[in-house]
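Structural characterization, general
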2 protein chains.
Amino acid sequence: MAPRFTDHIKSLPAFVPFVGPEAMERMSGRPFRARIGANESVFGPSPKAVAAMNRAAEEVWKYADPENHDLRLALAEFLPVNADEVVVGEGIDGLLGLAVRLFVEKGVKVVMPQGAYPTFAYHVDGAAGSLVRVPYVDDREPIAELLAAAREHDAAIIYLSNPDNPMGTWWDGDAVNRMIGELPEGCMLFLDEAYGEFAPRGVLPAIDTANPMVLRFRTFSKAYGMAGARIGYAIGGRAVIAAINKIRNHYGVNNVGQAGALAALRDQEWLEQVRARVARGRERIYAIAEANGLAAIPSATNFVTLDCGGDFARAKGVLDALIADGIFVRMPFAAPGNRCIRIGVGTDAELDLFAEALPRALATTE
Amino acid sequence: MAPRFTDHIKSLPAFVPFVGPEAMERMSGRPFRARIGANESVFGPSPKAVAAMNRAAEEVWKYADPENHDLRLALAEFLPVNADEVVVGEGIDGLLGLAVRLFVEKGVKVVMPQGAYPTFAYHVDGAAGSLVRVPYVDDREPIAELLAAAREHDAAIIYLSNPDNPMGTWWDGDAVNRMIGELPEGCMLFLDEAYGEFAPRGVLPAIDTANPMVLRFRTFSKAYGMAGARIGYAIGGRAVIAAINKIRNHYGVNNVGQAGALAALRDQEWLEQVRARVARGRERIYAIAEANGLAAIPSATNFVTLDCGGDFARAKGVLDALIADGIFVRMPFAAPGNRCIRIGVGTDAELDLFAEALPRALATTE
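The present account deals with the structure reproduced in this document. (Residues numbered from 1 in each chain as written. Chains lettered and ligands numbered in written order. Predicted model: local features only at pLDDT ≥ 70, side-chain atom pairs only at ≥ 80, totals over all residues. Heavy atoms only, no water.)

1. Points about the sheet that holds strand E10 (residues 303–307) of chain B
All names here are of chain B. Selection rule: Two strands are said to pair when DSSP picks up at least two bridges between them. Starting at the N terminus, helices and strands are each numbered in turn, a helix being any DSSP run of H or I of at least four residues and a strand any DSSP run of E of at least two. Orientation is described by lines fitted to C-alpha atoms, with helices fitted over the stretch in contact, and by angles between N-to-C directions that extend from 0 to 180 degrees.
Taken together, the 3 strands give an open sheet; going across it, the order is E9-E10-E12, and neighbouring strands pair in antiparallel fashion. Since the sheet does not close on itself, it has two edges, and those belong to strand E9 (295–297) and strand E12 (340–344), each with one partner. The sheet shows a mean angle of 30° between the axes of neighbouring strands, direction not considered.

2. Points about the interface of chain B and chain A
Selection criterion: Residues count as neighbours in contact if any of their non-hydrogen atoms are within 4.5 Å of one another. We define buried area as the total accessible area lost by two parts upon association, computed with a 1.4 Å probe and summed across both. Note on definitions: salt bridges are taken to be side-chain nitrogens of Lys or Arg within 4 Å of carboxyl oxygens of Asp or Glu. Pairs of N or O atoms within 3.5 Å make up the polar contacts considered here, provided that, within protein, one atom can donate a hydrogen while the other can accept it, and that residues adjacent in sequence are counted only when both atoms are side-chain atoms.
At the interface, 86 residues of chain B touch 86 residues of chain A. A per-residue breakdown of the area chain B buries against chain A is headed by Arg4, Trp61 and Tyr63 of chain B, which together make up 13% of the total. Our count for the chain B to chain A interface comes out at 6 salt bridges. The shortest N-O distance in the salt bridge between Glu67 of chain A and Arg26 of chain B comes to 2.9 Å. Counting across the interface, chain B meets chain A through 48 residue pairs in polar contact (both at pLDDT 80 or more). At the level of secondary structure, the elements contributing two or more residues to the side of chain B that touches chain A comprise helix H1 (7–11), helix H2 (21–28), helix H3 (47–58), helix H5 (91–103), helix H6 (118–126), helix H9 (238–247) and helix H10 (255–266) of chain B. Among the elements that make up the side of chain B that touches chain A, the one with the highest residue count is H9 of chain B (6 residues).

3. Description of the pairing of E10 of chain B
Residues and elements named next belong to chain B. This is how it is decided: Under the scheme applied here, a residue whose accessible area is under 20% of the maximum for its type counts as buried, over 50% as exposed, and between as partly exposed, the area being computed with a 1.4 Å probe on protein chains only.
Burial analysis of E10 places 5 of its 5 residues in the buried class, which makes it a mostly covered element. With burial as the criterion, each face of E10 is covered, one bearing Phe303, Thr305 and Asp307 and the other bearing Val304 and Leu306. Following E9, the chain reverses through 5 residues before pairing antiparallel with E10. Relative to E12, E10 is paired through 5 bridges, and the arrangement is antiparallel. Residue pairing across strands places Leu306 opposite Ile341, the latter belonging to E12.

4. With respect to the relation of the copies chain B and chain A
Two copies of the chain are present, and they differ by a rotation about an axis and a shift along that axis. In plain terms, the rule: Superposing copies: least-squares fit, C-alpha atoms only, residues required to have pLDDT of at least 70 in both.
When chain B is fitted to chain A, the residual RMSD is 0.0 Å, and the transformation amounts to a turn of 180° plus an axial shift of 0.0 Å. This pairing of chains is accounted for by a two-fold axis. Measuring from the rotation axis to each C-alpha of chain B, the shortest distance belongs to Asn54 of chain B, at 2.7 Å. Of the residues that chain B buries at the interface, 100% are likewise interface residues in chain A, meaning the two copies contact each other through the same surface.

Structural data, given as structure tokens:
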């Protein structure tokens, strides 16, 4: 007897979007000295969020409120939107998986920048959709080309992250608004704003939930420093939010993380301080790059992507040397970004280690 | 412009498997005096689990290990199975959603007891499957009838929970093993053992991961007292576990909950104590039922289902009266179980409140 998987499941490869740093440590047998590869916030969450999580841990025997009421209403007030225009989920990853299933089935086309967030592509594959990938232009997610591809392929979704990961580049809100105005009939924009809190004013366009074709994704994983808590949210027209509610796992969002996120949202002072520290860290990475003769791509995120001045092999060599040296970093997956390595803003001590390791890594690959 | 939902999404109703007690409190404007309706463990998790969660909260800025390595290996050792025969997920609910998608698409039939876990049905609906529902027999999930329906409808999955929710009844492991031996060709058994830790010895059949047709689901939500942490696991043949890995959200399981679950698993002494307290609580509910002239259905879980001695209207009347009186309980959704109400083992104080409220509730509905 054999399990009768669907044809689609049989056709899917065994694929993990990202191998975790812990797995790399287990393989090498050595812990990393610097963990600056997953765009986490080394500055951590607000102490008030930690305190709230500790209080919530005492009550963890209760299921979380399936409506995620308190956090959802606080978000609605903060943004501001109506309470039925926002949904809380298990990180942006979880929400992307659900949102993809609203529009994608076999034969449906989806457009994304080639080398943008692999987990989005993973969810489209999981829903049996067909991906159309469009290369970055000038290290930015190529708005005009994404729109053209969506028109050509009658796409159901365009994915755009702004600011972008893995290049750290961005469009200003006016450009995104123009893109929204030019979306082909019936095509959704999935606007991933995971790094939005790091961006300069004006990068996030004003929220307009009257437009049902835009679904925006935000998270407590990045600037709020709570990646392990798995709390993200999506903002959109009420029809799309209601559709997510038709398939989401109503009891899926852990209550400790929700309590932490609520406290984190209320501590905007902490967020401001994190933003300032991240800005200083970016400057430090720019300076390290310059000292080593590498071009840093200006970033609106908590990481900086460095052009290693060669091709994929050169960048991969530098990456491997850094990893062998105990510095956990990553690199873009696709050309032309894969001439680069991506360095997260770490603690001062971690950036010291990186500054010390980079010349060695460059030397071994020359 | 309108979002271009798939036909399936358009056809799905807006349905929430369970309205949460918090929503009921918001509607009534009054908090419940006793929270004994969601089969939670009022005795809470091991203090060691709480301590582990507090430590993990400090590190919440890190993404969890996408392989859930530490918890998964501890489970593999505990069960015991091989490490690639178990997968950790966002509660049994989350894992059921994924596992359903491995086998179910439009046109695929799935068999379950009528009135068994609504969230399983919700996930089958979400995957566009067709449910065949078989009534309980003698308040038990009807093994022979489930098998017959699966044969008749060429079902891809049979769902069985053992011990059962919402009746609290059970089959011994031999009966389940006989069922496994009689599964129709190509039909999976999804064996939900959420309440397994409460059951008498012999109710959980020995684990046999050599049989690829059985997928078992367990959780830290019930006996381990961590419902809000959202940590469940599935045990099965490696082909099925590998298939779940093809579509699961690799970074989806929060790290605070994982740390808590690992500590909880290691504190079997606490679990033993919870089991004893639950057994005493069941006896107390039996006694309250007897004192009120109601038949209690013997239970292998942390709740007891009480036959209100009439039809659905009678039971619903009792339920509504209890809820209006501040006692949060639930009742089975389908006949013939819906002549009953379901009472969770609460604290002594909560069961005192229930004992006091029940005669009033019965009186109002006579």
